[in-house]
Amino acid sequence: GANAPCGGSTGPAVLSVGLHTVSETAGTGTSLANYDTAIGGDCAANGSITLAAGENKTCTITNTRKSTLTIIKVCVPPSDPGLVNLRIDGTTYGANAPCGGSTGPVGLSVGSHTVSETAGTGTNLANYAAAISGDCPPTGITAPFDHELVAGL
């Protein structure tokens, strides 16, 4: 099934009796890091399947595109020299981000995630008042807040 599109198939494959493993690799221009993958059908979750003589079985591989979340640091005034570490679920994705800096799109699983910032090099967050905007709830505080991601957004 080289470069099989969504809904594609290998078609029937004649295999020997015994244990086999189903898997996939990324096709041209695709990164599997952008997907959550689940193997099912007649296969075990790890892709293994045992065939007996004369059996016909079908395995499925389901790829669900991960959602992305981007944090953009906005400052007033925009020329402020402060630096922050932009974090999602406690992991820094944008170290020492300046005003206008960003994490870029971060692939995340569907569900609730916590966005926060910590002081970057030479910056004291006590010198700033924070306001949250965009797709995240406007809490107006510097404490972490949750953001819900929906598949494919």
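Everything here concerns the structure above.
Below: a short report on this structure.

Conventions used here
- Residues numbered from 1 in each chain as written.
- Predicted model: local features only at pLDDT ≥ 70, side-chain atom pairs only at ≥ 80, totals over all residues.
- Heavy atoms only, no water.
- Helix = DSSP H or I, 4+ residues; strand = E, 2+ residues; numbered from the N terminus.
- Buried < 20%, exposed > 50% of the residue type's maximum accessible area, 1.4 Å probe, protein only.
- Polar contact = N/O pair within 3.5 Å; in protein donor to acceptor, adjacent residues only side chain to side chain.
- Contact = heavy atoms within 4.5 Å.
- Core = buried A, V, L, I, M, F, W, Y, C linked by side-chain atoms within 4.5 Å.
- Disulfide = S-S within 2.5 Å.

With respect to the helices, strands and loops of the structure, Thr 91 is situated in strand S7 (residues 91-97). It is 9.4 Å that separates the C-alpha atoms of Thr 91 and Val 115, two residues lying 24 residues apart in sequence.

On to unusual backbone geometry. For the bond from Val 76 to Pro 77, the omega torsion is 0 degrees, close enough to zero to count as cis. The residue Pro 77 is located in the loop between strand S5 (67-69) and strand S6 (84-88) in this model. Even without being a glycine, Asp 89 presents a positive backbone phi close to 55 degrees. By secondary structure assignment, the location of Asp 89 is in the loop between S6 and S7. Asp 89 sits in the partly exposed class, given a relative accessible area of 42%. A positive phi angle, close to 50 degrees, is found at Asn 96, a residue other than glycine. With respect to the helices and strands, the residue Asn 96 is situated in strand S7. The exposure class assigned to Asn 96 is partly exposed, which follows from its relative accessible area of 32%.

Residue placement: Thr 123 occurs in the loop between strand S9 (111-119) and strand S10 (145-149). When its relative accessible area of 12% is taken as the criterion, Thr 123 is described as buried. A polar side-chain atom of Thr 123 sits 2.7 Å from the main-chain amide nitrogen of Leu 83. Excluding its chain neighbours within four sequence positions, the residues that come into contact with Thr 123 are Gly 82, Leu 83 and Tyr 128.

Now for the nonpolar core. Within the largest apolar cluster, nine residues are counted, these being Leu 69, Ile 71, Val 84, Leu 86, Ile 88, Ala 97, Val 106, Leu 108 and Val 115. At the level of secondary structure, the elements contributing two or more residues to this core comprise S6 and strand S8 (106-108). The biggest single contributor to this core is S6, with three residues. Contacts of Val 84, omitting those with residues within four sequence positions, involve Lys 73, Gly 94, Ala 95, Asn 96, Ala 97, Glu 117, Thr 118, Ala 119, Gly 120 and Leu 125.

What follows is about the side chain of His 113. Inspection of the secondary structure assignment puts His 113 in strand S9. Assessed through its relative accessible area of 6%, His 113 is described here as buried. Engagement of the side chain of His 113 in a polar contact is seen with the side chain of Asp 89, the distance being 2.6 Å.

Let's shift gears to the state of the cysteines. Counted by the stated rule, this structure contains two disulfides. Between Cys 75 and Cys 99 runs a disulfide, and the two sulfur atoms are separated by 2.0 Å. Torsion about the S-S bond of the Cys 75 and Cys 99 cystine: about -90 degrees, corresponding to left-handed handedness. You can see Cys 75 sitting in the loop between S5 and S6 and its partner Cys 99 sitting in the loop between S7 and S8, a full 24 residues away along the chain. A residue is classified by how much of its surface remains accessible, and Cys 99, at 17% relative accessible area, is buried. Across the protein, the way the bonded cysteines pair up, counted in sequence order, is 1-2, 3-4.

A few words on the environment of Asn 85. Assignment of secondary structure puts Asn 85 in strand S6. Note: C-alpha distance between Asn 85 and Pro 98 (13 residues apart in sequence) is 9.1 Å. The contact partners of Asn 85, leaving out residues within four places of it in the chain, are Thr 92, Gly 94, Ala 95, Asn 96, Ser 116, Glu 117, Thr 118, Ala 119 and Gly 120.

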